[in-house]
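This is what each chain is made of:
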Amino acid sequence: MPSSDAPAGGQRAGGLVFDAQDDDYISELGELVAVPSVSRDADAPTMLAAAQWLAAQLDFAGGRVEPTAGHPVVRGEWLGAAGAPTVLVYGHFDVQPTGDLAEWVAPPFELVTDGDVIRGRGSSDDKGPVYIVLKTARAFMAQEGGLPLNVKFLLEGEEEIGSPHLPAYLTEHAAELAADLVISADGAMWRPDEPSLSVASKGLVSLDIVATGARTDLHSGRYGGTVANPLHALSQVLASLHRPDGSVAVPGFYDGIPPLTDERRREIAAVDFSATNYLAGLGLDATHGEPGYSTLERLWERPTLEVNGVAGGGKYTVIPHVATGHVSCRLVPGQDPGAVIAAITAHVLAQAPAGVRVEVRPDEARVPAYTIPASHPAIRAATAALEAVYPGQPVLHAKIGGTLPATDLFERTLGAKTLFFSFSTSDENLHAPNEFLRIPRLREGMRAWEQLWRLLAAGPYRLGGDS
């Protein structure tokens, strides 16, 4: 995609001036990426260090670190635009584990430049996109003395583990965080070669299926062939979750999902999408999944049940006494997360082989699917902002298969819709080794956030008055 910035000093007539050198941004972002804020297993000082770095960037908004029952959040607010709307900017500073370090081309917590991309854990999800917002806000303050509308900031440290402590925090601080709209820096664009907005995201439930056999691991020669092997039993149970055609075999899993209309199918079919190219980019030669739906229909409109990992025993001659399967489901509108968990639990218990004890251990987070109407003022304003940054390119309204746990929470607690406005892209190895962000997205994102805030503050997209 072409950048909207003029080459001289990053300046564009009538707008903010951003730094002339990308290296300045990359170096600063590298400080944040260097903090290994893996929420699943990082210690408290590490998570605090990332939070304090962000709070310092929000000094113009009273940036501060506040505790939760888990990892901290970063808060700030600038409320100097009398009579203007108020938006709440959301993002997260925690990251996924690195996976196999041998698969990384550079250390994961060292931001490195590789051609026209920067690589490092969190560069795309979500430290890079959060950084873009912060630099936009700081440019407004430095050059115009204020923001065009009132902005509150909430940056959390537990999104990658399902935001388990955000509900209690948000409920306790709902009055302070009230806003006309939430704008999320999380939620990647659909493809790198066209601007897009996400008008929906899938929900999420996850669980462990645990098969337990003997009191302890057993010698496979001395006991093999006489007792049930928990890994064998678990494999049977996991295999029973799907039919050979790829559809989910759990009774009740699809309950509540409205049929895909002919009109919606025509809309999806009109999207420029090649299943052949999709497979080629993944190094595969065939699709697999629920029959009766195209690849894009499955991605955007249908739920999933995936086995994410299996643990038990090892490469030695043992019959493990316990085996665990990690399972997650991405949900669509109409599905109730609790009902999905109940359906899977009933199915698994009915499939339990003799000789082992099988149980289902659901994780705490249960997130329903989320949608925002394409007619919402925020979507119309964001579309106009992207059209200004990427002139001549139509803005695709897409649905994403990922989950942002906070969206449903914001709507229930604050009564506010969430606009996804991220400048990462879904192909940037999010959650995988060699995560990266395209360097031009830094400037494009800053320019787009500038345009979005100006459009939301005035004109036909205005959200409303004081919150």
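Refer to the structure presented above.
What comes next is a walk through the structure. (Residues numbered from 1 in each chain as written. Predicted model: local features only at pLDDT ≥ 70, side-chain atom pairs only at ≥ 80, totals over all residues. Heavy atoms only, no water.)

## Quick word on the overall build of the protein
Of regular secondary structure, the protein possesses 14 helices and 18 strands. Computed over C-alpha atoms, the radius of gyration of the protein comes to 24 Å, within 12% of the 23 Å expected from 2.2 N^0.38 for 467 residues, which places it in the range of a compact globule. Taking the principal axes of its C-alpha atoms as reference, the protein extends roughly 80 × 55 × 45 Å. Buried residues in the protein amount to 54% of all 467 residues. Partitioning the contacts of the protein with sequence separation of at least 6, the portion at a separation of at least 24 is 80%. Within the structure as shown, the protein displays about 19300 Å² of accessible surface, and the carbon and sulfur contribution to it stands at 52%. Positive and negative charge centroids in the protein, built from 35 and 57 side chains respectively, lie 4 Å apart. (Helix = DSSP H or I, 4+ residues; strand = E, 2+ residues; numbered from the N terminus. Rg over C-alpha atoms; globule rule 2.2 N^0.38 Å. Buried < 20%, exposed > 50% of the residue type's maximum accessible area, 1.4 Å probe, protein only. Contact = heavy atoms within 4.5 Å. Areas by Shrake-Rupley, 256 points an atom, 1.4 Å probe, with all protein chains shown as cover. Lys, Arg positive; Asp, Glu negative; His and termini not counted. Charge placed at Lys NZ, Arg CZ, Asp CG, Glu CD.)

## A closer look at the nonpolar core
Formed by 90 residues in total, the largest nonpolar core has its most connected members in Phe153, Ile183, Phe421, Trp449 and Trp453. In this view, Trp453 contacts Val87, Val89, Val133, Ala137, Phe140, Leu147, Pro148, Leu149, Val151 and Ile183; residues no more than four positions away in its chain are not counted. (Core = buried A, V, L, I, M, F, W, Y, C linked by side-chain atoms within 4.5 Å.)

## A short note on a nonpolar patch on the surface
Residues Tyr278, Leu282 and Leu284 make up a contiguous nonpolar surface patch of roughly 280 Å² in combined accessible area. Inspection of the secondary structure puts Tyr278 in helix α9 (residues 275–282). With relative accessibility at 31%, the residue Tyr278 sits in the partly exposed group. (Patch = residues over 30% accessible without salt bridge, like charges linked within 9 Å, V, L, I, M, F, W, Y side chains within 5 Å. Salt bridge = Lys/Arg side-chain N within 4 Å of Asp/Glu carboxyl O.)

## Focus: the pairing of strand β6 (residues 150–156)
Within β6, 7 of the 7 residues are buried, leaving the element largely enclosed by the surrounding structure. Residues Asn150, Lys152, Leu154 and Glu156 line one face of β6 and the alternating positions Val151, Phe153 and Leu155 line the opposite face, and both faces are buried. Looking at chain direction, strand β2 (residues 73–78) and β6 are connected through 6 bridges and run antiparallel. Looking across to β6, one finds that Val74 is bridged to Leu155. (Pairing = 2+ DSSP bridges.)

## Brief notes about the sheet that holds strand β5 (residues 117–119)
Spatial strand order, β4-β5-β18: 3 strands in an open sheet with antiparallel pairing. At either margin of the open sheet sits one strand with a lone partner, and together these are β4 (112–114) and β18 (436–438). Across the sheet, the axes of successive neighbouring strands diverge by a mean angle of 30°, strand direction being ignored. Relative to β18, β5 runs antiparallel, the two being bridged by 3 bridges. Paired with Ile118 across the strands is Leu437, a residue of β18. (Axes fitted to C-alpha atoms, helices over the stretch in contact; angles between N-to-C directions.)

## Notes on the packing of helix α2 (residues 44–57) against helix α3 (residues 127–144)
Packing of α2 against α3 leaves a shortest axis separation of 10 Å and a crossing angle of 25°. With respect to each other, α2 and α3 are oriented roughly parallel. Where α2 abuts α3, its residues Trp53, Leu54, Ala56 and Gln57 lie against Val130, Tyr131, Leu134, Lys135 and Arg138. (Parallel < 35°, antiparallel > 145°, perpendicular 65-115°, else oblique.)

## Observations regarding the sheet that holds strand β9 (residues 203–212)
Judged by pairing direction, the sheet is antiparallel, and its 4 strands sit side by side in the order β11-β13-β9-β14 without closing on themselves. Edge positions in the open sheet fall to β11 (304–311) and β14 (357–367), since each of these has one partner strand only. For this sheet the average axis-to-axis angle between neighbouring strands, irrespective of direction, equals 20°. Taken together, the 10 bridges between β9 and strand β13 (residues 322–331) define a ladder with antiparallel strand orientation. For Val205, the partnering residue across the bridge sits in β13 and is Cys329. Relative to the sheet, helix α7 (residues 230–239) contacts β9, β11 and β13, its axis offset from that of β13 by approximately 20°. Of the strands in this sheet, β9, β11, β13 and β14 touch helix α11 (residues 337–351), which is tilted by about 170° from β14.

## Some thoughts on the packing of α3 against helix α14 (residues 440–457)
Each packed pair of helices is defined by two parameters, the angle between the axes and the distance between the axes. In contact at an axis separation of 9 Å, α3 and α14 are set at 60° when each is read in the N-to-C sense. The angle between α3 and α14 falls in the class oblique. As for the relative orientation of α3 and α14, their crossing is right-handed in sense. Seen from α3, the contacting residues are Ile132, Val133, Lys135, Thr136, Ala137, Phe140 and Glu144; seen from α14, they are Arg441, Leu442, Gly445, Met446, Trp449, Glu450, Trp453 and Arg454. Of the residues contributing to the contact of α3 with α14, the split by class is 8 nonpolar, 2 polar and 5 charged. (Left-handed = near helix turned anticlockwise from the far one by under 90°. Nonpolar A, V, L, I, M, F, W, Y, C, P; charged D, E, K, R; others polar.)

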